[in-house]
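What follows is the residue order along each chain.
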Amino acid sequence: MDGIISVDDAQRIVMYNRAAERMFGWTAAEVLDQPLDLLIPQRFRGGHSQQVRRFGATGTTSRRMGDTTVLYALRKDGSEFPIDASISQLHTPDGKLYTVILRDVTERVKAREELAAFAAESAGVREQEKSRIARELHDELAQSLTALKMDTIWMRDHLPAADASAQDKIAKMLAMLDGAVASTRRIAADLRPLVLDDLGLVPAIEWVVQNFTQRTGVPCELLVDEALELDEPYATGVFRIVQESLTNVAKHAQATEVVVELHPRGEILLLRVQDNGVGFRTSDPRKPQSLGLVGLRERAHLLRGEVRIDSSPGTGTRVEARIPIGRAA
């Protein structure tokens, strides 16, 4: 199943198996003694040669190529296809020999892309449903509770003041109604703050930062371009990354200061949430049921972005996301 290609120190092909023939469309007779660049897309050729030379200098026997990225190879007909590959090196009497073992992963990449598209669509549907429920809670239930409170106040004002038990009961009812209205609005805002839909991303970020400080008592500085505007799904995704980062700070950081930054850098939005809390070792195993950092990475992945988390005990934590916007998206 695996293609096996060996090249000499000049990166000319010296061995090429039958699986490689099927994979690339070239026969062994056509490629032997040809440069390896024949099988590499033009845009990757320079970088590939440098990487092989660096690998040769390390003395490492073998390693996986590309790490977490997808590599691409070039067929005889000019089409490209994704591969998984590993490279090894061996010293021989005739010089160093590099051998690449590779596998066509077209179906795997296609399935991954379909899964990512499905996840993005599902996230969009969830946000729409949250928005609908939040608006109904705010516009319907909260308004009805407010009207009920007004009717209760009317009853209080028209009952005899001498009826102490009735006045006490109504006072308790009013307190319960106040709590129910506040809870309804809080739940609606937690589901999806209507300010995000009505006023845009920056006011929504300002709201979540202010809300964080009110709940925790921790000062939070916001550095953002007031003119920043993003279309969906980017506005919601960026908002959720900030919201979930601050939730993690509130739960775990024991911080006394937090800074939230959003800066467009060309076609990339740089998002940073930094605290001065207790920090943690990023290499430590994830705690059971702890999905905060996983959620951040998933949010960024759905936007074709990436999240980097830097932390160590006693130095606080920095969450940094790079989200493609504009044409880069």
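The text that follows walks through the structure, step by step, so that each part is easy to find. (Residues numbered from 1 in each chain as written. Predicted model: local features only at pLDDT ≥ 70, side-chain atom pairs only at ≥ 80, totals over all residues. Heavy atoms only, no water.)

Next up on the list: the packing of helix α4 (residues 106-158) against helix α5 (residues 164-191). Viewed as axis vectors pointing N to C, α4 and α5 meet at an angle of 165°, and their least axial separation amounts to 9 Å. By the angle class used here, α4 and α5 are roughly antiparallel. Note on packing geometry: the crossing formed by α4 with α5 is left-handed. Tallied by class, the residues present in the contact of α4 with α5 amount to 18 nonpolar, five polar and five charged. (Axes fitted to C-alpha atoms, helices over the stretch in contact; angles between N-to-C directions. Helix = DSSP H or I, 4+ residues; strand = E, 2+ residues; numbered from the N terminus. Parallel < 35°, antiparallel > 145°, perpendicular 65-115°, else oblique. Left-handed = near helix turned anticlockwise from the far one by under 90°. Nonpolar A, V, L, I, M, F, W, Y, C, P; charged D, E, K, R; others polar.)

Further remarks concern the pattern of salt bridges. With the rule as written, the count across this model stands at 20 salt bridges. Close ionic contact of R103 with D2 constitutes a salt bridge, the shortest N to O distance being 2.7 Å. Of this pair, R103 sits in strand β6 (residues 95-104) while D2 sits in the segment before β1 (3-7), and the two are 101 residues apart along the sequence. Residue classification places R103 among the partly exposed residues on the basis of a relative accessible area of 36%. On the basis of relative accessibility, which here comes to 26%, the residue D2 falls in the partly exposed class. (Salt bridge = Lys/Arg side-chain N within 4 Å of Asp/Glu carboxyl O. Buried < 20%, exposed > 50% of the residue type's maximum accessible area, 1.4 Å probe, protein only.)

Next up on the list: unusual backbone geometry. Residue P233 follows E232 across a cis peptide bond; omega there is 5°. Even without a glycine there, the phi angle at D33 is positive, about 70°. On the secondary structure map, D33 appears in the loop between α2 (28-31) and α3 (45-58). Unlike most non-glycine residues, Q254 shows phi in positive territory, near 55°. Positionally, Q254 belongs in the loop between α8 (234-253) and β8 (258-265).

Turning to the packing of helix α7 (residues 201-216) against α8, a few remarks are in order. At a minimum axis separation of 10 Å, α7 and α8 run at an interaxial angle of 10°. Relative to α8, the element α7 lies roughly parallel. The residues of α8 that touch α7, namely those facing L201, A204, I205, W207, V208, V209, F212 and T216, are A235, V238, F239, V242, Q243, L246, V249 and A250. Looking at the contact of α7 with α8 residue by residue, the class counts come to 14 nonpolar, two polar and no charged. (Contact = heavy atoms within 4.5 Å.)

Another aspect to go through is α7. Between the first and last C-alpha of α7 there are 22 Å, a value that for 16 residues agrees with the 22 Å anticipated at 1.5 Å per step. Along α7, the residues classified as buried are L201, V202, A204, I205, V208, V209, N211 and F212. Of the surrounding elements, those touching the buried residues of α7 are α6 (194-198), β7 (220-224), α8 and β8. Positive backbone phi, at 80°, marks G217, one or two positions downstream of α7. (Expected span 1.5 Å × (residues − 1).)

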